[in-house]
Amino acid sequence: MKQNSNLVLCVDDERIGLEVRKILLERAGYRVLTASDGPTGLAIFSAEPVEAVVLDYSMPGMHGGEIAIQMRQVKPQVPILLLSAYIGLAPEVTAVVDLYMTKGEGAPVLLEKLGSLLQPVS
Amino acid sequence: MNLSQFNNILRQVFVLPVVALLVVAGALYVQIRGSNVTVNLIQESDARISQATLLSKLIVDEESGLRGYETTGDTRFLQPFYEAESHLQTEIQTLDNMAGADADQKHDIADLRDEHQTWQDAFALPVIATVRGGGQTNDVDLNLHGKVLMDNVRHDLTDIIQKAEASRARRIALWHRQVHSMLLVLLALALGMGVLIGLFTRGRLHAVSAAYRGSLDILSRRAEELYQSEQQLRTTLESIGDGVITCDAEGRIQMMNPVARELTGWSQTEANGRQLEEIFRIVNETTREPVETPVAKVRRLDKIVGMANHHTILLRKDGTELDISDSGAPIHDKAGHTIGIVLVFRDITMERKTQEALIANEKLAVAGRLAATIAHEIHNPLDSVSNLLYLMRNGASPEESVHFMDMAEQELTRVTQISRAMLGLYRESKAPVVVDLKEMLEEILLLMERRLSDLGVTITTEMPEPIEVCAFPAELRQVFTNLITNAAEAAGVNGKVKVSVAPRSASVEANGQKLQAGATVTIADNGEGIPDDVQPHLFQPFFTTKGENGTGLGLWVSRGIINKHGGTITVVSDTSDALHGTWVSVFLATNPTINAGGD
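Residues numbered from 1 in each chain as written. Chains lettered and ligands numbered in written order. Predicted model: local features only at pLDDT ≥ 70, side-chain atom pairs only at ≥ 80, totals over all residues.

1. Some words on the interface of chain B and chain A
Heads up, the condition is: For the purpose of contact definition, each residue receives a C-beta atom placed from its backbone, and two residues are in contact when these atoms lie within 7 Å. Think of it this way: any DSSP run of H or I at least four residues long counts as a helix, any run of E at least two long counts as a strand, and we number them from the N terminus. Ten residues, namely Ala, Val, Leu, Ile, Met, Phe, Trp, Tyr, Cys and Pro, are considered nonpolar, four, namely Asp, Glu, Lys and Arg, are considered charged, and the remaining ones, Gly among them, are considered polar.
In this assembly, 21 residues from chain B lie in contact with 18 residues from chain A. When residues of the side of chain B that touches chain A are traced back to their parent elements, those giving at least two are α10 (371-393), α11 (398-426) and α12 (437-455) of chain B. A total of 13 residues in the side of chain B that touches chain A trace back to one element, the largest contributor, which is α10(B). Of the residues belonging to the side of chain B that touches chain A, the class tally is seven nonpolar, ten polar and four charged.

Here it is as structure tokens:
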């Protein structure tokens, strides 16, 4: 496990999914902030020195693509990893984020992708 | 030209020659009268000549008698003399009295009378006296004197005759001229009248012939139009895609178009004059009982019978069967009597197969619409569970492990629910079963939860208690999934959808219609509402307002399913600013009569 203390923001409306992801990332050495919807996530993103975002695509009200666009407007340098339960997201959505993956691919894939996003910073 | 004009012309053509002949006859009459006068005059001349000749003979008799007496002295020779003398004055008078004598002729007659008197007095009577006295009368001078006197008499007579003959010759010439001119006049009149009648008749006949030609033209045009219209109808019948059979009023076949011949398998010649029932044998699909033909129905009701037959099978001549739909209509004459019946029918075998395919397709489309939910509801729990397993494998305290397993169990329960609900969509029972509508709707909403939240729609429910009806659950799920999807899509972001179910007790409506006991499911949205011009098309297949995202089959199939359940589906919509929204109500009877083919 890498011993770094990058601050990661997780946004997901799935309560259990979010909780498990938080524990997983904390075990991996990240500091983790969570938000259960888009507006909350955006507020935290603006207020805190977030270094990476793990964003769920499918959420009520505001989907991940929209949130990513707004985050890019605030801090374009922060990498975003988009998670989705669907296969085949629209190209205009995937173009906004740095990386994307399908839910269920497993924890190692998530940690590896997030790590690759943060490597240049650490 | 009408009939009275034509009769007028006929009259004119008849009257004109008659008038012309009358004119010619008149002219001829005048001419003939003129020549008759002339002929009379000629006859007068003839009479004058013969009278004068008679006088000559009498004078000769006188002279001969005198000579005989002069020679013989016998008085018997004087008998002709006296005989002639006694008549002579009378005859002269007769001649004088004759008509047509001119002054010259009168004068000649007076001369004759004088000369004869002179001859008689100065010669004849003295000679007779002398002979009777026994004297000599053979003196030359005396006789010469007598001869001179007699020559005068003869000369007068000759004059009279010559003049009469001259007059006669003139009159004959006149008669000839008259006859000649009569011929000329006759010829001229005949020619003139002929030409006149010819020209007039020609003119009139031209008019008649023009009118006749006109009538012929109209007739031939009518005939041509009739032919064309008949051809048009015939071609229409021949090329029409439906089978058409025409029957007489007794239901005997008169004509079958090619499609009808093809569908029934009978040729026109075989079918001609046969009763329709022999050729067009139809039975009910399920009961196999013979069905009344539209023609029989039209004969019974004398009105148009529409395509109302469900599941009618046509038994073809070769024994094969076709699904058909048929209709009939009476043919009326001007007086309104039925003179024939038209039967129209079509093969709907393919149509029904297509319908079945469409219905199957729509079932898949409903599942497709749920794909988002399925993906989400399976991938999300899977993701959590796989993460939890990863955590446990990488070292977790016993307390943590219990917590992780709790969470994993919750997530797996979700997957199980979804999978059950999904199966419910497809697991079809052969017979209707008791279905709790409340439970079913809750399951459907669970399945759709993700999709609804994606759409940003808030769902509220009003389902106070379980309500059971007898139904095919999978089909009802399809209907309600469709209706809730429609409502959610209509409501849009921040829209509201309300799903409610309420029991309805059996009752009798004001119009006497008996209502069954059952349940009404209402799905209401606060979308923009359905415009009035769209509403009539809602239940038509392939009608969609969703562009490529809709199959246009949802409501069509839904209504088919509800009809099969003996239920009803109604749509009320409002597009006004204050109350906009749509309310779809589905009524399902508790114990419905299921229509096997209620699509």
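From this point, the discussion proceeds with the structure in view.
2. With respect to unusual backbone geometry
Notably, Asp302(B) is not glycine yet its phi reads approximately 55 degrees, a positive angle. As for its placement among the helices and strands, Asp302(B) is situated in the loop between α8 (294-301) and β4 (312-315).

3. Observations regarding the environment of Asp525(B)
Residue and element names in this part refer to chain B. Position of Asp525 among the secondary structure elements: in strand β13 (residues 518-525). Spatially, the C-alpha atoms of Asp525 and Val457 are 9.7 Å apart, while their sequence positions differ by 68 residues. Aside from chain neighbours lying at most four places away, what touches Asp525 is Ala487, Ala490, Ala491, Gly495, Val497, Gly581 and Thr582.

4. Examining the UniProt feature "modified residue: 4-aspartylphosphate" (unreviewed entry) in chain A
Residues and elements named next belong to chain A. We apply this condition: UniProt positions are given in the numbering used here, feature names are shortened, and annotations may be inferred rather than shown by experiment.
In the numbering used here, UniProt assigns the "modified residue: 4-aspartylphosphate" (unreviewed entry) feature to Asp56. Relative to the elements of secondary structure, Asp56 occurs in strand β3 (residues 52-56). Not counting the four nearest positions on each side in its chain, Asp56 is found in contact with Val11, Asp12, Asp13, Gly64 and Leu83.

5. Considering α8(B)
Residue and element names in this part refer to chain B. Our working rule: Partly exposed residues are those whose C-beta has more than 12 but fewer than 20 other C-beta atoms within 10 Å; with 20 or more the residue is buried, with 12 or fewer it is exposed, and the C-beta atoms are placed from the backbone. Comment: arc refers to directions from the helix axis out to C-beta atoms.
Buried residues of α8: Pro294, Val295, Lys297 and Val298, and no others. Down the axis of α8, the sector holding all buried residues measures 160 degrees, keeping them to one side. Just past α8, the residue Asp302 takes up positive phi, approximately 55 degrees.

6. Re the sheet that holds β13(B)
Sheets are built from strands that pair by backbone hydrogen bonding, the pairs being arranged parallel or antiparallel. All names here are of chain B. Operational definition: Any two strands with at least two DSSP bridges between them are considered paired. Fitted lines through C-alpha atoms serve as axes, helices being fitted only where they are in contact, and the angles separating the N-to-C directions of these axes extend from 0 to 180 degrees.
An order of β8-β10-β13-β15-β14 is seen for the five strands of this open sheet, with the pairing classed as mixed. Of all strands in the sheet, those bounded by a partner on one side alone are β8 (458-462) and β14 (568-574). Averaged over neighbouring strand pairs, the angle between their axes works out to 15 degrees when direction is ignored. Strand direction decides the pairing type here: β8 and strand β10 (residues 496-504), joined by five bridges, are parallel. Of the residues in β10, the one forming a bridge with Thr458 is Lys496. Contacts from helix α13 (residues 473-491) reach β10, β13 and β15 (581-589), with the element oriented near 25 degrees to β13.

7. Overview of the packing of helix α1 (residues 3-72) of chain B against helix α2 (residues 78-97) of chain B
Helix packing geometry: the angle between the two helix axes and the distance between the axes. Residues and elements named next belong to chain B. Put simply, the rule is: Here is the rule for angles: anything less than 35 degrees is roughly parallel, anything more than 145 is roughly antiparallel, 65 through 115 is roughly perpendicular, and the remaining ranges are oblique. Each crossing gets its hand from how the near helix is turned against the far one by less than a right angle, where anticlockwise is left-handed and clockwise is right-handed.
It is the contact of α1 with α2, at a shortest axis distance of 8 Å, that shows an interaxial angle of 155 degrees. The angle between α1 and α2 places the two elements in the roughly antiparallel class. The way α1 lies across α2 gives a crossing that is left-handed. Tallied by class, residues from the contact of α1 with α2 come to 13 nonpolar, six polar and six charged.

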